[in-house]
Amino acid sequence: MESKKSVFQTLFEINVNKQIEKKNGLNYLAWAYAWSETKKLYPTATYKVYETESGCIYHTDGRTCWVKTGVIIEGLEHIEYLPVMDYKKQIYFT
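Asks: Where do I start with the pairing of strand 6 (residues 76-83) in this structure?
Replies: Each regular strand carries side chains that alternate between the two faces of the sheet. Here strand 5 (residues 65-73) pairs with strand 6 via eight bridges, running antiparallel. When the sheet's bridge partners are listed, Gly70 is paired in strand 6 with Ile79. Remark: two residues form the turn of the hairpin made by strand 5 and strand 6, two consecutive strands paired antiparallel; Glu74 in that turn has positive phi of roughly 50 degrees.

Set out below in structure tokens:
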């Protein structure tokens with residue numbers, strides 16, 4: 001009897017090599033592609049961008065900025081803190 005794969009295993013097995021993009025010496029996978037692959041397998045998946053108490057979509061400590069995001073699949077949320085970057089993919093400092 002084969003057990004059901006976890007969400008991680010299922011998504012990890014997707015070959016994204018042809019979708020990897022390069023910019024300023026960095027390799028990345030476009031969010032639009034990653035999200036479309038996720039929604040194909042998990043149509044009820046959602047994501048969330050957390051706002052500050054004042055309604056701002058980014059957070060700051062006065063030196064740098066970041067966004068807090070969450071992806072919810074099958075009732076489990078994974079939260080990530082992502083730095084705000086400029087067009088050169090350098091972390092933005094205030």
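Asks: Mind showing me how you'd approach the environment of Tyr28 here?
Replies: Mapped onto the elements of the fold, Tyr28 is located in strand 2 (residues 26-29). Separated by 21 residues in the primary sequence, Tyr28 and Val49 place their C-alpha atoms 20 Å from one another. Among residues more than four places away in sequence, those in contact with Tyr28 are Gln19, Ile20, Glu21, Lys22 and Lys23.

Asks: Sorry if this is basic, but what is going on with the pattern of salt bridges here?
Replies: Applying the stated criterion across every chain yields a total of four salt bridges. In this structure, Lys5 engages Glu13 in a salt bridge whose closest nitrogen and oxygen atoms are separated by 2.6 Å. Judged by relative accessible area, which is 40%, Lys5 ranks as partly exposed. As a salt-bridge pair, Arg63 and Asp61 come within 3.6 Å of each other at their nearest N and O atoms. For Arg63, a relative accessible area of 58% translates into the label exposed.

Conventions and cut-offs
Residues numbered from 1 in each chain as written. Predicted model: local features only at pLDDT ≥ 70, side-chain atom pairs only at ≥ 80, totals over all residues. Heavy atoms only, no water. Pairing = 2+ DSSP bridges. Helix = DSSP H or I, 4+ residues; strand = E, 2+ residues; numbered from the N terminus. Contact = heavy atoms within 4.5 Å. Salt bridge = Lys/Arg side-chain N within 4 Å of Asp/Glu carboxyl O. Buried < 20%, exposed > 50% of the residue type's maximum accessible area, 1.4 Å probe, protein only.

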